[in-house]
Amino acid sequence: MGALLAFATLLSWSISDLLTKHALTNRNLWFVSFWGQLLGGIAILILGGLTGKIQTLASESLPWVILLSIVNIFGMFFFYKAIQHKGVALSLPIVYSWSIPAVLLSMIFLNQYPSGLQWTGLGAATLGLFLVGINRQAKRWVDLGTVAAFVSMLTWGLFYFLIREPGELYGEWALAGSLKLASALLSLPFLLQEGSGLSVRVKSIFATVGLIGLMDSLGLVALSLGLQISSTALVTGITSSTPVFVACFGVLLFKEKINCQQTLGILSTTVGLVLLVME
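Below or above, wherever it landed, is the structure these notes cover. (Residues numbered from 1 in each chain as written. Predicted model: local features only at pLDDT ≥ 70, side-chain atom pairs only at ≥ 80, totals over all residues. Heavy atoms only, no water.)

**A look at the packing of helix α4 (residues 88-95) against helix α13 (residues 260-276)**
Inference 1: The interhelical angle for the contact between α4 and α13, taken along N-to-C directions, is 35 degrees, at an axis separation of 10 Å. Between α4 and α13 lies a crossing of left-handed hand. On the side of α4, the interface is formed by Ala89, Leu90 and Pro93, while α13 contributes Gln262, Ile266 and Thr269.
Inference 2: When its residues are assigned to classes, the contact of α4 with α13 shows 4 nonpolar, 2 polar and no charged. (Axes fitted to C-alpha atoms, helices over the stretch in contact; angles between N-to-C directions. Helix = DSSP H or I, 4+ residues; strand = E, 2+ residues; numbered from the N terminus. Left-handed = near helix turned anticlockwise from the far one by under 90°. Contact = heavy atoms within 4.5 Å. Nonpolar A, V, L, I, M, F, W, Y, C, P; charged D, E, K, R; others polar.)

Set out below in structure tokens:
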């Protein structure tokens, strides 16, 4: 059952990422950010309340919510920029490698050192990032999309490092729902500044953005349930393969082009991420 829930997370988050690619071709990133975070936050709070995961929203968590929302929006901005410039096939292997800086931060501040298998995973993922991010055939080996993806990776590495303590104190579901709503509020001024406003002229685009938030929330639900009934290594190992799954559909659906070096990098990164979360 744990494996099925892990695959449900993989499928949900893959759909969310692919829909994000589609939405960004039709609307600006702040529109996608605002509505995706708003609807996703509402969905998490509703699902958390129905499943009993959220009993109360502690006011003491507000400083953490504000801090994490700022970090989240920063990472989201560069994530969307990476997708716009580089596509999902080559952006996600880099962005999903946020566990690398998170591990390094844990080593520095918490004295938590990886096992031998995890060191191997760290090396494989780093090699994969190099192969995905470097294009020796282009005039500039590192393009703007790669830089944006790396900034997003580093930002979310900090985000997931910081969220552990408040998640334990106030509950992961309540914190996640609250910070998504706060992230939507932080996106609103940028959305209004660009002049697009809150109006939704094309209903299909609004439905797409709504699905992004819903799929993200369903993935979180499945992941949380999977971790409760199965091993962390199994559940997170399966979900860590999301980049290669999305890369395949990025090539098939959006006709994104990747060369042999980048294909090897995607596979190396994915194997490294799986090893990194092994117990």
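**Comments concerning unusual backbone geometry**
Inference 1: In this structure, Asn111 takes a positive phi of about 55 degrees despite not being glycine.
Inference 2: Looking at the element boundaries, Asn111 is found in the loop between α5 (99-110) and α6 (116-133).
Inference 3: The exposed category is assigned to Asn111, whose relative accessible area is 56%.
Inference 4: Of note, the phi angle at Lys255 is positive, near 55 degrees, even though the residue is not glycine.
Inference 5: One can find Lys255 in the loop between α12 (242-254) and α13. (Buried < 20%, exposed > 50% of the residue type's maximum accessible area, 1.4 Å probe, protein only.)

**Considerations on the nonpolar core**
What tends to happen in soluble globular proteins is that the nonpolar side chains get buried as a cluster.
Inference 1: In terms of nonpolar packing, the biggest core is built from 57 residues, with Phe79, Tyr80, Phe159 and Leu179 touching the most fellow members.
Inference 2: With 9 residues, the top contributor of residues to this core is helix α3 (residues 62-86).
Inference 3: Apart from residues no more than four positions distant in its own chain, Phe79 is found in contact with Asp17, Leu92, Val95, Ser152 and Trp156.
Inference 4: Ranked by size, the runner-up nonpolar core spans 6 residues in total, among them Ile54, Trp173, Ala174 and Ala176. (Core = buried A, V, L, I, M, F, W, Y, C linked by side-chain atoms within 4.5 Å.)

**Brief notes about the packing of aromatic side chains**
Inference 1: Applying the stated criterion across every chain, the model contains 11 aromatic pairs.
Inference 2: Between Phe34 and Trp35, the aromatic rings sit 5.0 Å apart at their centres with planes inclined by 80 degrees, giving edge-to-face as the arrangement. Accessibility classification places Phe34 together with Trp35 in one group, the buried group.
Inference 3: Measuring from ring centre to ring centre gives 6.1 Å for Phe109 and Phe161, while their planes differ by 40 degrees; the resulting arrangement is tilted. Taken as a pair, Phe109 in helix α5 and Phe161 in helix α7 (residues 144-162) lie far apart in primary sequence, 52 residues in all.
Inference 4: Aromatic ring contacts, followed pair by pair, group Trp30, Phe74, Phe77, Phe78 and Phe190 into a single cluster. (Phe/Tyr/Trp six-rings, centres within 6.5 Å; stacked < 30°, edge-to-face > 60°.)

**Description of the state of the cysteines**
The bond known as a disulfide is covalent and runs between the sulfur atoms of two cysteines.
Inference 1: The tally for this structure, following the rule as stated, stands at 0 disulfides.
Inference 2: No disulfide involves Cys248; its sulfur sits 14 Å from the nearest other cysteine sulfur, which is in Cys260.
Inference 3: Cys248 gets classed as partly exposed once you look at its relative accessible area, which sits at 44%. (Disulfide = S-S within 2.5 Å.)

**Describing the side chain of Ser268**
Inference 1: Mapped onto the fold, Ser268 is located in helix α13.
Inference 2: Setting aside anything within four residues of it in sequence, one finds Ser268 in contact with Ala124, Ala125, Leu127 and Gly128.

**Quick notes on the pattern of salt bridges**
Inference 1: Taken as a whole and assessed by the stated rule, the structure comprises 3 salt bridges.
Inference 2: Between Lys86 and Asp143 there is a salt bridge; the shortest N-O distance is 3.4 Å. In this pair, Lys86 is assigned in helix α3 and Asp143 in the loop between α6 and α7, connecting sequence segments 57 residues apart.
Inference 3: A relative accessible area of 32% means that Asp143 is categorised as partly exposed. (Salt bridge = Lys/Arg side-chain N within 4 Å of Asp/Glu carboxyl O.)

**Section: α5**
Inference 1: Every buried residue of α5 is listed here: Ser99, Ile100, Pro101, Ala102, Val103, Leu105, Ser106 and Met107.
Inference 2: Where α5 is buried, its residues contact α6, α7, α8 (164-170) and α13.
Inference 3: Asn111 sits one or two positions beyond α5 and adopts a positive phi of about 55 degrees.

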